[in-house]
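Now for the letters of each chain:
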Amino acid sequence: MVNLQRKESWMDTEHRVILNVGGIRHETYSHVLKKIPATRLSRLTPNLANYDPVLNEYFFDRHPGVFSMILNYYRTGKLHYPTNVCGPLFEEELEFWGLDANQVEPCCWMTYTQHRDTQDTLAVIESLDLDGDPPTQEEIAKKFGWEDDYYTGNMSQWQRLKPRVWALFDEPWSSKYARVISSLSVAFILASTCSFILKTDPSFQIPDIDVFYSLRVVDEGGFKNYHKTIGTDKPVTSPHPNFFYVDLICNIWFTIELLIRSLFCPSFHKFVRSPLTIIDVISTGAFFFESLLHAILIQTGSLVTLDFLSMICVLRLFKLTQHFSGLKILIQTFKASAQELFLLVFFVILAIVIFAALVYYAERSQLNKDNQFTSIPLGLWWSLVTISTVGFGDMVPKTYLGMLVGSLCALMGVLTIALPVPVIVSNFSNLYSHSQARAKLPKKRRRVLQAHEVKPALLGVKQHHGKHRKKSSSATFNQPPANFKNANGGPSMHDNSASKLMA
């Protein structure tokens, strides 16, 4: 019986595996590590370099807290995510141990995947090119596609000048001169917009008065009397001429800015496809085309075309997103919430059609002399106004059944519009908070050496210590230390012989 217990104890010790991970020892059985094949722990052998035969353990310089969850995954078959570590660190540890990150349990999946959403948000903020530190020369060379010339040191004067001029007109935070140019651009955009608005006010318009004369001959009792009449007519009004000069100065600035940006941009193809560039080209072209038409055509029929072309200048307000980071975040919020917005539009259109048909037939269910819903298309207008909770009051149901349909339509509108609002607010808060956190990051981070950079240095130190030990051993091979004494406590024999020779 005692021999059997000793045999079982010996077999238990033989199949036990000791893992030292980050200074913390873990013990388990070898058959536990074989549960998940084709992983690092399932292929442990004493022939590995990290096996210590003296301590009988395998050493891994990895995160010990994450390894506890990984070892528990081998024992129970369930992979849980530790909440005290960052998601990318957990993924790196799983990749090192040869495990699949998609095997995380459903209870931890939402918490585990939060870092992916954060990384996507940071990538979006990085692409927005918000206010930040000036880029390094290497980053500028990569941006303009001059990496080879930068590394070889063959940068021309044009390659050095082009990024500086581009930063003046595209990166307002890069220098104080760029801030001045950005302020001028914003001032011209506001001046152009104010000019477009004020020129439509009657106080700033000059009427085109046509004066006409008429002569009428009246025969009264054989005498001819001549009656002269003078009349005026105001067919059209035109803005004050000074507005034209304001628009001319603004568009000259926009044209110069557009030419400089197109000449010094990093990539002309990307620059031309940019929405802001398209808006700038259309607005500037519309102004000069309008001026040409105004100089050639004075007839009334051309005024509608001129007014339509003037409306395009309002699109320049979108250029303010280039100078204010908050507007970029707001536009990106709507892009991130596009799916929810499309879903909202779909449900609103569905509700509009349903309630328009219901109110049409509800108003016809009773005798109603004042029925305003004579067709379903008219009901569509009423349904849209009611669902959007505006309620102009131009069309109202008169029957009790119609009032019931109107009440349900209003409640449906409140619920439908309120549902996607928290999602949009959450997206904006997420983008804004991450952009603020990114702005507060340290300007410079300490560089950490990689593993392949550290090993040569350590080898050099080891070789230096090895040479020093060899010299010390060769020098003291036949000579014991000065304080060496024999077993009796007296001086060594070597010291006595040396003293005799000296005598």
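Every residue gets a number counted from 1 within its own chain, in the order that chain's sequence is written. Owing to the predicted nature of the model, reporting of local features is limited to residues with pLDDT of at least 70; listing and counting of side-chain atom pairs is limited to 80 or more, with chain, interface and lining totals taken over all residues. Side-chain descriptors were evaluated using all non-hydrogen atoms of the structure, hydrogens and water having been removed beforehand.

(A) Local environment of the environment of Val21. Strands are runs of DSSP state E lasting at least 2 residues, helices are runs of H or I lasting at least 4, and numbering of each runs from the N terminus. Following the sequence through the fold, Val21 ends up in strand S1 (residues 16–21). Sequence separation between Val21 and Phe59 is 38 residues; the distance between their C-alpha atoms is 5.9 Å. Setting aside its immediate chain neighbours within four residues, Val21 contacts His26, Phe60, Arg62, His63, Pro64, Phe67 and Trp97. For this analysis, residues touch if any pair of their heavy atoms sits within 4.5 Å.

(B) Summary view of the side chain of Thr277. Residue position: Thr277 is located in helix H13 (residues 275–296). Relative accessibility under 20% of the residue-type maximum defines a buried residue, over 50% an exposed one, and the middle range a partly exposed one, all with a 1.4 Å probe and only protein chains included. Overall, Thr277 belongs to the buried group, its relative accessible area being 7%. Here a polar contact means two N or O atoms within 3.5 Å. Within protein one must be a hydrogen donor candidate and the other an acceptor candidate, and residues neighboring in sequence count only if both atoms are side-chain atoms. Of note is the side chain of Thr277, whose polar atom sits 2.8 Å from the backbone oxygen of Phe271. Setting aside its immediate chain neighbours within four residues, Thr277 contacts Leu258, Phe271 and Val272.

(C) Geometry of a nonpolar patch on the surface. Together, Phe324, Leu327, Leu330, Phe334, Phe428 and Tyr432 line one region of the surface with nonpolar side chains, adding up to about 530 Å² of accessible area. Counting residues per element, the nonpolar patch draws most heavily on helix H15 (residues 325–336), which supplies three residues. Within the fold, Phe334 resides in helix H15. In this scheme, patches are assembled from residues that exceed 30% relative accessible area and form no salt bridge. Like charges are connected within 9 Å, while nonpolar side chains (Val, Leu, Ile, Met, Phe, Trp, Tyr) are connected within 5 Å. Here, Shrake-Rupley sampling with a 1.4 Å probe gives the accessible areas, and only protein chains in the shown set may cover a residue. Only one rule defines a salt bridge in this text: a Lys or Arg side-chain nitrogen within 4 Å of an Asp or Glu carboxyl oxygen.

(D) The arrangement of helix H4 (residues 87–97) in detail. Of the positions making up H4, those classed as buried are Gly87, Phe90, Glu93, Leu94 and Trp97. For H4, the arc enclosing every buried residue in end-on projection is 125°, short of the 170-degree limit, so these residues lie on one face. The inward-facing, buried residues of H4 contact S1, strand S4 (57–60), helix H3 (64–76), helix H5 (106–112) and helix H6 (114–128). Residue Gly98 follows H4 closely and has a positive phi angle near 80°. Note that the arc is computed from the directions linking the helix axis to the C-beta atoms.

(E) Quick look at the UniProt feature "transmembrane region" (unreviewed entry) in the protein. UniProt positions are given in the numbering used here, feature names are shortened, and annotations may be inferred rather than shown by experiment. On the UniProt side, "transmembrane region" (unreviewed entry) is annotated at positions that read residues 303–320, 341–362, 374–393 and 400–425 here. Overall, residues 341–362 shows 100% helix and 0% strand. The separation of its end C-alpha atoms is 31 Å. The span residues 374–393 is 60% helical and 0% strand by assignment, and the distance between its end C-alpha atoms comes to 16 Å.

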